[in-house]
Amino acid sequence: MKRRDFLMLGAAATAAGAIGAPAFAQAKLVLKATDVHPLGYPTVEAVERMGKKLDAATNGRISIQMFPAMQLGGEKEMIEQAQVGALQLARISVGPMGPLVGEFNVFNLPFVFRDAAHMEKVIDGPIGDELLKKLSDHPTAGLIGLCYMNAGSRHVYNSKKPIAKLEDLKGLKIRMMGNPLFVETMNSLGGNGVAMGFDQLINAMQTGVVDGAENNEPSYDSGQHYRYAKYFSKTGHLMIPELLVFSKVSWEKLSKDDQALIGKLAKEAQQEQRKLWYERENESIKRMKDAGVEINEVADRKPFQDAVKPVWDKYGGAHKTLIERIQAVK
Ligand code: BDP
C-alpha cells in the first residue's frame, strides 16, 4: 500500500472510489499513533481510550492503532513520519518543538511554572490554545496541535552521587532532550549537557557516555533507568507539558466533521490523561523506593533558578509579553 493511501483500507475504500463518492466519507480509516512510552503509560493509555471513543462515535469508521514503546523510532523519527503522513498521531514532548515554534520554548524555560496547578491552568486556557494554533498554522512544521498532556516535573538522576546543591552537578554528563535550550540549561547549572534521543539513552548510560539524565518519575521508572542511575535528586528544573500532534497532510484529507470530532476527543484526552498521570506518579515513586533508588530533595532551589538566567535572556527575550501573561495566570 502506498503511503498516501493510509486512510483508505478495505473494500469500503475501493467501493467509495468506484462510485466516485468522496472517498474519505465512507472509507474505513485507521489512524496510526505512536509514543516513546510503553502500553499502560498515561499518555499511551489516554490516546488508546481516545481511539475507542472515536471508534464508537463513528460506528467503527475511524479507529486508532497504537505503536507504543518507540516501535516507530524516537521522537525525532516520530515527528518526521508525522510530517510526511506516514503516521497520523504522535505524542511528543513540547521540548523538541521549541526550535520550530519559538513560543514553545517559553514552556521549556527552566522554572517557568510555579507548580503543576499553574502549568495546568496555562495549558487549559487561552495561552495553551494560542500555542497549539501557532503550531497548526506554522507554514512548514507540517503538524496540527491537538492537545497537551501532563508530564510532571523533571529531576536529575545519575550514577555517581546525589545532587543536593548546585556544585554537585559539576562535571556530570547529563543527557538532555534534543533542543539547544536544554543543553544550555544543564551547562548553566554547571553540568555537561549532552543532547540525544530518548531511544539512545539506555545505551548511553550503560556505556558511560553519560552519567545520567533528567526526567519525571514515570519515565525513569518505566524505562528502568534506576538500573543505571540510582541517585534521583528533586531538582524540578523543568516542567514540560506533552503534546499530541496530527500529521497535517493526513489532517487535510479528513472531513471538517471528522476533524472537529478528533479535536474534541483530544481535548477530553487532555483531562483524562491528567488523572492517569497523578496515579502513575504515585505508583512510580513507590516502585522507585522498592527498587532502592536514593531519592533526595533539593532544599534550596534558588541557586539553580539564578544560574539559568542566561537561558531566560536568550530564549525568553523575544517573548517577554507571553512570559508576563504566563506569570500573571493565578
Ligand atoms: C518524557 C516524555 C517524552 C520524551 C522524554 C525525553 O514523555 O515525550 O521523549 O521525556 O526525555 O518525559 O526525551
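Keep in mind the model is a prediction, meaning the values are calculated, not measured.

### Considerations on helix α9 (residues 198-206)
In an α-helix, one turn spans 3.6 residues, which is why side chains three or four residues apart end up on the same side.
Argument step 1. For α9, the set of buried residues is Phe 198, Leu 201, Ala 204 and Met 205. The arc that holds every buried residue of α9, seen down its axis, measures 90°, which confines them to one face.
Argument step 2. Among the structural elements, β5 (154-158), β6 (173-176), β8 (212-215) and α10 (217-222) are those in contact with the buried residues of α9.
Argument step 3. Where α9 terminates, the next one or two residues include Gly 208, which has phi positive at roughly 80°.

### So, the side chain of His 155
Argument step 1. Within the secondary structure layout, His 155 lies in strand β5.
Argument step 2. A distance of 3.4 Å separates the side chain of His 155 from the backbone nitrogen of Thr 235, its partner in a polar contact.
Argument step 3. A polar contact of 3.0 Å, which involves the side chain of His 155, links it to the backbone nitrogen of Gly 236.
Argument step 4. Look past the residues within four positions of His 155 in its chain and what remains in contact with it is Ala 213, Glu 214, Asn 215, Glu 217, Phe 232, Ser 233, Lys 234, Thr 235, Gly 236, His 237 and Arg 301.

### Some details on the site of the ligand
Argument step 1. Near the ligand you find 13 residues, and of these His 37, Glu 75, Arg 175, Asn 215 and Glu 242 are the closest.
Argument step 2. Here an oxygen atom of the ligand sits 2.8 Å away from a polar atom, N or O, in the side chain of Arg 154.
Argument step 3. Residue Arg 175 places a side-chain N or O atom 2.7 Å away from an oxygen atom belonging to the ligand.
Argument step 4. Calculation on the ligand without its partners gives an accessible area of 320 Å², and the protein chains cover 98% of this total.
Argument step 5. A per-class count over the shell around the ligand returns three nonpolar, five polar and five charged.
Argument step 6. Two domains each donate at least three residues to the shell around the ligand, and these are domain 1 (3-151 + 240-281) and domain 2 (154-239 + 286-328).

### Focus: the confidence of the model for the protein
Argument step 1. Per-residue confidence for the protein averages 94 on the pLDDT scale, and 92% of its residues sit at or above 70.
Argument step 2. Every residue in residues 1-5 scores below 50 in pLDDT, and together they form five contacts with partners more than four places removed in sequence or on other chains.
Argument step 3. Ignoring residues within four places in sequence, the model shows residues 8-21, a span with pLDDT below 50, making 17 contacts including any to other chains.

### Considerations on the pairing of β8
Argument step 1. Here β8 shows no split at all, with Gly 212 and Glu 214 on one side and Ala 213 and Asn 215 on the other all buried.
Argument step 2. With four bridges connecting them, β5 and β8 associate as antiparallel partners. Looking across to β8, one finds that His 155 is bridged to Asn 215.

### Considerations on the nonpolar core
Across soluble globular proteins, you tend to see nonpolar side chains buried next to one another.
Argument step 1. Core analysis: the largest hydrophobic core is formed by 70 residues, its most contacted members being Phe 104, Phe 107, Leu 135, Tyr 148 and Leu 243.
Argument step 2. Taken together, domain 1 (3-151 + 240-281) and domain 2 (154-239 + 286-328) each give at least three residues to this core, which thus spans both.
Argument step 3. When sequence neighbours within four positions are dropped, the list of residues in contact with Leu 243 reads Ala 90, Arg 91, Ile 92, Ser 93, Val 94, Met 97, Phe 104, Leu 132, Leu 135, Cys 147 and Tyr 148.
Argument step 4. Grouped together as the second largest cluster of nonpolar side chains are 29 residues, Tyr 41, Ala 266, Ala 269 and Leu 276 included.

### A look at the packing of aromatic side chains
The geometry of an aromatic ring pair is captured by two quantities: the separation of the ring centres and the angle between the planes.
Argument step 1. All chains considered together, the criterion is met by nine aromatic pairs.
Argument step 2. Seen in terms of ring centroids, Tyr 220 and Tyr 226 are 6.1 Å apart; in terms of plane orientation they differ by 65°. Their pairing is edge-to-face.
Argument step 3. We classify Tyr 226 as partly exposed; its relative accessible area is 21%.
Argument step 4. On the basis of an interplanar angle of 55° and a centroid distance of 4.8 Å, the ring pair of Tyr 220 and Phe 232 is categorised as tilted. Here Tyr 220, found in helix α10, pairs with Phe 232, found in strand β9 (residues 231-238); they are twelve residues apart in sequence, far enough to count as distant. Across the pair, exposure class does not vary: Tyr 220 and Phe 232 are buried alike.
Argument step 5. In textbook terms, an aromatic cluster arises when at least three aromatic residues are bridged by ring pairs, as seen for Phe 104, Phe 107, Phe 113 and Tyr 148.

### Details of the pairing of strand β1 (residues 29-35)
Argument step 1. Of all seven residues making up β1, six are buried, and the element is well covered by its neighbours.
Argument step 2. Strand direction decides the pairing type here: β1 and strand β2 (residues 62-67), joined by six bridges, are parallel. Across the sheet, residue Lys 32 finds its bridge partner in β2, namely Gln 65.
Argument step 3. Assessed by its sense of winding, the connection that carries the chain from β1 through helix α3 (residues 42-57) to β2 is right-handed.

### Thoughts on the packing of helix α8 (residues 180-188) against helix α14 (residues 309-316)
Argument step 1. Two elements in contact, α8 and α14, have axes whose closest approach is 9 Å; the angle formed by their N-to-C orientations is 155°. On the basis of the axis angle, α8 is roughly antiparallel to α14. As α8 runs across α14, the sense of the crossing is right-handed. Mapping the contact onto sequence places Pro 180, Leu 181, Glu 184, Thr 185 and Ser 188 in α8 and Val 311, Lys 314 and Tyr 315 in α14.
Argument step 2. Of the residues that constitute the contact of α8 with α14, the class distribution is four nonpolar, two polar and two charged.

Definitions and limits used
Residues numbered from 1 in each chain as written. Predicted model: local features only at pLDDT ≥ 70, side-chain atom pairs only at ≥ 80, totals over all residues. Heavy atoms only, no water. Buried < 20%, exposed > 50% of the residue type's maximum accessible area, 1.4 Å probe, protein only. Helix = DSSP H or I, 4+ residues; strand = E, 2+ residues; numbered from the N terminus. Arc of directions from axis to C-beta. Contact = heavy atoms within 4.5 Å. Polar contact = N/O pair within 3.5 Å; in protein donor to acceptor, adjacent residues only side chain to side chain. Near = heavy atom within 4 Å. Areas by Shrake-Rupley, 256 points an atom, 1.4 Å probe, with all protein chains shown as cover. Nonpolar A, V, L, I, M, F, W, Y, C, P; charged D, E, K, R; others polar. Domains from an automatic or database assignment. pLDDT = per-residue confidence, 0-100. Pairing = 2+ DSSP bridges. Core = buried A, V, L, I, M, F, W, Y, C linked by side-chain atoms within 4.5 Å. Phe/Tyr/Trp six-rings, centres within 6.5 Å; stacked < 30°, edge-to-face > 60°. Right-handed = clockwise from strand over helix to strand, strands pointing away. Axes fitted to C-alpha atoms, helices over the stretch in contact; angles between N-to-C directions. Parallel < 35°, antiparallel > 145°, perpendicular 65-115°, else oblique. Left-handed = near helix turned anticlockwise from the far one by under 90°.

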